[in-house]
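# Close look at the chain arrangement
What follows is each chain in one-letter form.
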Amino acid sequence: VKKLAEEAKVASRNARRDVMDVFKQLKKDSSISEDDMSSNEKEVQKMLDGNIAKIDKEMAEKEKEIKETKKGACSDAPERYCFLRNSGTDGPQKT
């Protein structure tokens with residue numbers, strides 16, 4: 001989950017970079033003013049910050065859901081046979 005969230009953040013940052021490059025080119029071509037460029041950059045950054053916050057929130061919710069699912073998966077099994085309690089193991093654990 002963390003890896004997917006980080007990939008989403010990187011994609012968002014790359015999109016911001018691409019938009020900023022367009023703004024820089026427009027300014028260079030004198031198509032937009034310095035003030036317009038500055039306000040557009042702030043707006044894009046605000047959108048990115050909101051997107052990153054949403055990604056973090058979704059990641060936290062999904063991690064919580066996964067943890068709850070792991071807990072519930074072992075509720076009927078004897079503890080010594082529930083390998084889901086020990087994340088990263090390949091088989092039943094004897095206790």
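Along every chain, residues carry numbers that run from 1 in the direction the sequence is written. Under the rules for a predicted model, residues below a pLDDT of 70 receive no local features and side-chain atom pairs below 80 are neither given nor counted, while totals for whole chains, interfaces and linings still include all residues. Based on all heavy atoms of the structure, the side-chain values leave hydrogens and waters out of the count.

### Section: the overall build of the protein chain
Only runs of H or I of at least four residues qualify as helices and only runs of E of at least two qualify as strands under DSSP, and these elements are numbered from the N terminus. A tally of regular secondary structure across the protein chain gives two helices and zero strands. For the protein chain, the proportion of its 95 residues judged to be buried stands at 16%. Across the protein chain, every contact between residues at least 6 apart in sequence was considered, and the portion connecting residues at least 24 apart equals 42%. We get accessible surface area from the Shrake-Rupley algorithm with a probe of 1.4 Å; when it comes to residues, only the shown protein chains can shield them. Carbon and sulfur atoms form 51% of the exposed surface of the protein chain, whose accessible area is close to 7500 Å². Each residue is placed in one exposure class: buried if its accessible area under a 1.4 Å probe, protein chains only, is under 20% of its type's maximum, exposed if it is over 50%, and partly exposed if it falls in between. In what follows, residue pairs with any heavy atoms lying within 4.5 Å of each other are defined as contacts.

### So, the environment of Ile66
Looking at where Ile66 falls in the secondary structure, it is placed in helix 2 (residues 34–73). Ile66 sits in the partly exposed class, given a relative accessible area of 36%.

### Considerations on the confidence of the model for the protein chain
For the protein chain, per-residue confidence averages 83 on the pLDDT scale, and residues scoring 70 or more make up 75% of the total. Residue-level confidence of the predictor is summarised by pLDDT, bounded by 0 at the bottom and 100 at the top. Contacts of residues 89–95 to residues separated by more than four positions or lying in other chains number 12 contacts, the stretch itself having pLDDT below 50.

### Digging into the side chain of Ser12
Inspection of the secondary structure assignment puts Ser12 in helix 1 (residues 2–28). Owing to a relative accessible area of 12%, Ser12 belongs among the buried residues under this scheme. Not counting residues up to four positions away in its chain, the partners in contact with Ser12 are Leu48, Asn51 and Ile55.

### Details of a positive patch on the surface
A surface patch of like charges, here positive, comprises Lys2, Lys67, Lys70 and Lys71. The element that contributes the greatest number of residues to the positive patch is helix 2, accounting for three residues. Following the sequence through the fold, Lys70 ends up in helix 2. Accessibility expressed as a relative area gives 30% for Lys70, which makes it partly exposed. Only residues whose relative accessible area exceeds 30% and that form no salt bridge enter a patch; like-charged residues are grouped when within 9 Å of one another, and nonpolar side chains (Val, Leu, Ile, Met, Phe, Trp, Tyr) when within 5 Å. The salt bridge definition used is simple: a Lys or Arg side-chain nitrogen within 4 Å of an Asp or Glu carboxyl oxygen. In summary, the charge assignment counts Lys and Arg as positive and Asp and Glu as negative, without counting His or the chain termini. The location of each charge is read from NZ of Lys, CZ of Arg, CG of Asp or CD of Glu.

### Focus on helix 1
For helix 1, which comprises 27 residues, the first-to-last C-alpha distance of 39 Å matches the rise-based estimate of 39 Å (1.5 Å per residue) to within 8%. Those residues of helix 1 that sit buried are Ala5, Lys9, Ser12, Met20 and Phe23. Directly beyond the C-terminal end of helix 1, a positive phi value near 65 degrees is found at Ser30. Each residue after the first adds 1.5 Å to the expected span of a helix.

### As for the side chain of Lys9
On the secondary structure map, Lys9 appears in helix 1. Dropping the residues within four chain positions of it, Lys9 is found in contact with Ile52, Ile55 and Asp56.

### Some points on the environment of Met37
Relative to the assigned elements, Met37 resides in helix 2. Taking relative accessible area as the criterion, Met37 reaches 8% and is therefore assigned buried. Sequence separation of Met37 and Met20 is 17 residues, and the distance between their C-alpha atoms is 8.9 Å. In contact with Met37, other than residues within four places in its own chain, are Phe23, Lys24, Lys27 and Ile32.

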